[in-house]
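# What the coordinates show
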Amino acid sequence: MAAELFPGKKLLPPVSVHNLQRQNETNNNLHPGAQSCCTWQGLYPTVRERNSVMFNNEMMADVHFVVGPPGGTQRVPGHKYVLAVGSSVFHAMFYGELAEDQDEIRIPDVEPPSFLAMLKYVELIYSRSLFFDVNVQNRLLTRSDGSLSMFDLLRYIYCDEIDLCADTVLATLYAAKKYIVPHLARACVNFLETSLSAKNACVLLSQSCLFEEPDLTQRCWEVIDAQAELALRSEGFCDIDTQTLESILRRETLNAKEMVVFDAALNWAEAECQRQDLAPTIENKRLVLGKAIYLIRIPTMTLEDFANGAAQSDVLTLNETNDIFLWYTAAKKPELLFCTKPRKGLSPQRCHRFQSCAYRSNQWRYRGRCDSIQFAVDKRVFIAGFGLYGSSCGSAEYSAKIELKRQGVPMAQRIIKYFSDGSSSTFTVWFEYPVQIEPDTFYTASVVLDGNELSYFGQEGMTEVQCGKVTFQFQCSSDSTNGTGVQGGQIPELIFYA
C-alpha cells in the first residue's frame with residue numbers, strides 16, 4: 001500500500017536478526033571444546049532465559065521453515081516442542097492426528113520477509129495445509145517489514161516478550177491470529193486502538209473486519225464519523241477494499257460535506273485503477289466505482305458545490321447531470337438513483353463547567369491576554385470547538401484565537417470571529433476539524449479575545465463534570481494570564497463528539 005499506516009511516526013531501529021544470531025552463537029561458544037554444549041545453561045538462572053537462547057538458534061532445532069520461491073529462500077530454524085507449547089496450530093501441525101513427520105516445511109509462494117510477517121497477522125486455522133488469502137496478505141504486508149514480524153512471533157513464543165511497532169503490528173496480528181496466539185493478538189489490537197487516528201482509521205477499519213475484531217471496528221467508526229473529512233482525505237482511504245469503501249459511503253453518521261465524500265471516492269477510484277492495471281481515465285474510474293457511486297448523496301450538495309464540482313467532473317453521465325440539476329430547480333422533481341436525504345452526521349455534545357455566570361462594571365476585560373483551562377477525559381472524545389461568553393454591554397463582535405495543546409504542543413489553532421447579542425448565552429466557535437482527545441491526559445484549551453472589553457464570565461466552577469458517558473476533569477492552567485481558572489472565567493463550554 002502506498003500510504004504509511006502511521007504517518008509521521010518515528011520508530012526505534014529494529015533489532016537486527018543477525019545480531020541475535022551472533023549473540024546466540026557467542027553464547028554457544030563461550031567454552032570451547034566438549035563443554036561448549038553443556039555449560040551455557042549455567043549462565044541463565046531461569047527457564048525463560050534458557051528457553052530464549054533457543055530463539056532463532058540452530059542448536060537442537062528439529063524443524064525448519066523454508067520460505068520463498070526457488071533462488072530466494074530463507075531457512076528459519078524452530079523447535080517443535082517450544083512452538084507447540086506456544087500455539088495450538090503448531091501443536092496440531094507437529095503432534096496432531098494429521099501431523100506429518102517433516103523436518104522442513106516449505107512455503108514457496110511467499111517471499112521470506114512476507115512469511116516472517118505473515119506469522120503475525122490473520123485468524124485462519126491450520127487444517128491440512130497453511131491456508132491464507134494471498135491477495136489480501138500481499139496488499140497488507142507491503143506496508144510492513146515482514147522479516148521482523150516473524151521474529152516478533154517467535155520471540156514471544158520463545159522469550160515471552162512483546163515488542164510491537166507501527167511498521168509491523170498488522171503483520172504481527174496476522175500471524176498471531178493464524179497461529180492462535182491470543183495474548184499476542186490482544187496486545188496487537190490494544191496497540192492499534194491506542195495508535196488510532198484519522199490518518200489510519202480507514203485502513204484499520206478494513207483490517208478489523210477481516211480479523212473479526214468488533215471492538216477495534218467500533219473504535220475505527222468513532223474516529224471516521226467524528227473526523228470524517230480528515231479520514232476521507234487521508235492516503236490510507238485510497239488503500240481500502242471495495243467493501244469497506246461502500247460501508248463508509250453508506251454511513252449515515254459520516255460528519256462530512258458531500259463534496260468531500262465525492263472527491264474522496266474519485267481519489268479511491270484512481271488508486272483502484274492502478275491496482276487493476278487500468279489507465280486512470282474517467283471511464284475506468286466510473287467502472288471501478290460501479291454502483292458505489294450511487295451511495296454518494298450528490299443531490300444533498302449545495303447547488304454551487306454540484307455545479308462547480310461534481311457536474312464538471314465528467315464522472316456522471318449527461319442524463320444524470322441533467323436530472324440532478326432538475327432535482328435542484330424543478331417543481332416536479334425527477335426520480336434519481338442517488339439518495340436525496342442528507343446524512344444525519346453527529347450531534348455535538350456540550351460540557352458546561354460553570355453553575356452560573358455574571359458581569360460586573362470592571363470585569364471581564366481582555367486586551368490580548370490569554371484565558372486558558374486544562375481538562376482531561378476518561379474516554380476518547382473529539383473536541384470540535386468552544387462555547388464562549390460575549391459582551392455584557394449590548395451586541396458586539398469578537399475576534400477569537402482558539403487553541404488546543406497537549407503537553408505544550410499545539411494540536412489545533414484557529415482565528416475566528418463571532419457575534420455576541422448582549423445576552424448571557426454562550427457563543428460557539430469551531431475548530432476547522434474536530435481534534436482527537438485521548439483519555440487520562442491533560443490538554444490545554446485557550447482563547448485570546450479581541451473585542452468589547454466587558455463581557456459575562458462564569459462562576460461556581462466544577463472540577464469534575466459528567467456528560468453522558470464521559471467524565472471531564474478540570475484544573476488551572478499556567479498559560480492563563482487573564483484570570484480564567486477552575487472557579488471562574490471564560491471558556492464555559494467544551495463542544496465535543498463522543
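What you see is a predicted model, and the numbers here were worked out from it, not measured in a lab.

## A few points about unusual backbone geometry
Of note, Met60 is a non-glycine position whose phi angle comes to about 65°, a positive value. Position of Met60 among the secondary structure elements: in the loop between α2 (47-52) and β1 (63-67). Residue class for Met60 comes out exposed when judged on its relative accessible area of 59%. Even without being a glycine, Ile491 presents a positive backbone phi close to 55°. With respect to the secondary-structure elements, Ile491 resides in the loop between β14 (470-476) and β15 (493-497). On the basis of relative accessible area, Ile491 is assigned to the buried category, the value being 1%.

## Some thoughts on the sheet that holds strand β7 (residues 381-389)
A sheet is described by the order of its strands in space; here four strands give the open sequence β4-β15-β7-β10, paired in antiparallel fashion. The open sheet is flanked by β4 (349-352) and β10 (426-437), the only strands paired with a single partner. Direction aside, the axes of adjacent strands within the sheet are offset by 25° on average. Sheet analysis places β7 next to β10, joined by eight bridges and oriented antiparallel.

## Let's talk about the nonpolar core
Counting residues in hydrophobic clusters, the biggest one holds 88 residues, and the most contacted among them are Leu232, Phe237, Ile248, Ile298 and Phe306. Looking at this core element by element, the count peaks at 10 residues for helix α14 (residues 258-275). The next biggest cluster of nonpolar side chains, apart from the first, holds 38 residues, and it includes Cys351, Ile383, Phe427 and Phe474.

## Some words on helix α4 (residues 88-95)
Taken as a whole, α4 has its buried residues at Val89, Phe90, Met93 and Phe94. The buried residues of α4 occupy one face: seen down the axis, they fall within an arc of 120°.

## Considerations on the pairing of strand β11 (residues 443-450)
The buried fraction of β11 amounts to six of the eight residues, a majority that puts the element mostly inside the structure. Bridge count between strand β6 (residues 370-377) and β11: six bridges; the pairing is antiparallel. Each residue of the ladder has a partner; that of Ile373, found in β11, is Ala445. Pairing of strand β8 (residues 396-406) with β11, which is carried by eight bridges, proceeds in the antiparallel orientation. Across the sheet, residue Lys401 finds its bridge partner in β11, namely Val448.

## Brief notes about the confidence of the model for the protein
The predicted model of the protein averages 82 in pLDDT, with 81% of residues at 70 or higher. Considering only residues more than four positions removed or in separate chains, one finds that residues 6-21, a stretch of pLDDT under 50, has 19 contacts. The low-confidence segment residues 23-37 (pLDDT under 50) makes 14 contacts with residues lying over four places distant or belonging to another chain.

## Re the pattern of salt bridges
All chains considered together, the criterion is met by 16 salt bridges. Between Arg275 and Asp239 there is a salt bridge whose closest N-O contact spans 4.0 Å. Residue Arg275 is located in helix α14, and its partner Asp239 is located in the loop between α12 (228-232) and α13 (242-249); the two are separated by 36 residues in the primary sequence. Between Lys285 and Glu270 there is a salt bridge, and its shortest N-O distance comes to 3.9 Å.

## Describing the sheet that holds β14
A sheet is described by the order of its strands in space; here six strands give the open sequence β9-β8-β11-β6-β14-β13, paired in antiparallel fashion. In this open sheet, the two edge strands, each paired with only one partner strand, are β9 (409-420) and β13 (464-467). Ignoring which end each strand starts from, the neighbouring axes of this sheet average 25° apart. When β8 meets β9, the two strands line up antiparallel, connected through 11 bridges. Following the sheet pairing, Ala396 is matched in β9 by Ser420.

Thresholds, definitions, all that
- Residues numbered from 1 in each chain as written.
- Predicted model: local features only at pLDDT ≥ 70, side-chain atom pairs only at ≥ 80, totals over all residues.
- Heavy atoms only, no water.
- Helix = DSSP H or I, 4+ residues; strand = E, 2+ residues; numbered from the N terminus.
- Buried < 20%, exposed > 50% of the residue type's maximum accessible area, 1.4 Å probe, protein only.
- Pairing = 2+ DSSP bridges.
- Axes fitted to C-alpha atoms, helices over the stretch in contact; angles between N-to-C directions.
- Core = buried A, V, L, I, M, F, W, Y, C linked by side-chain atoms within 4.5 Å.
- Arc of directions from axis to C-beta.
- pLDDT = per-residue confidence, 0-100.
- Contact = heavy atoms within 4.5 Å.
- Salt bridge = Lys/Arg side-chain N within 4 Å of Asp/Glu carboxyl O.

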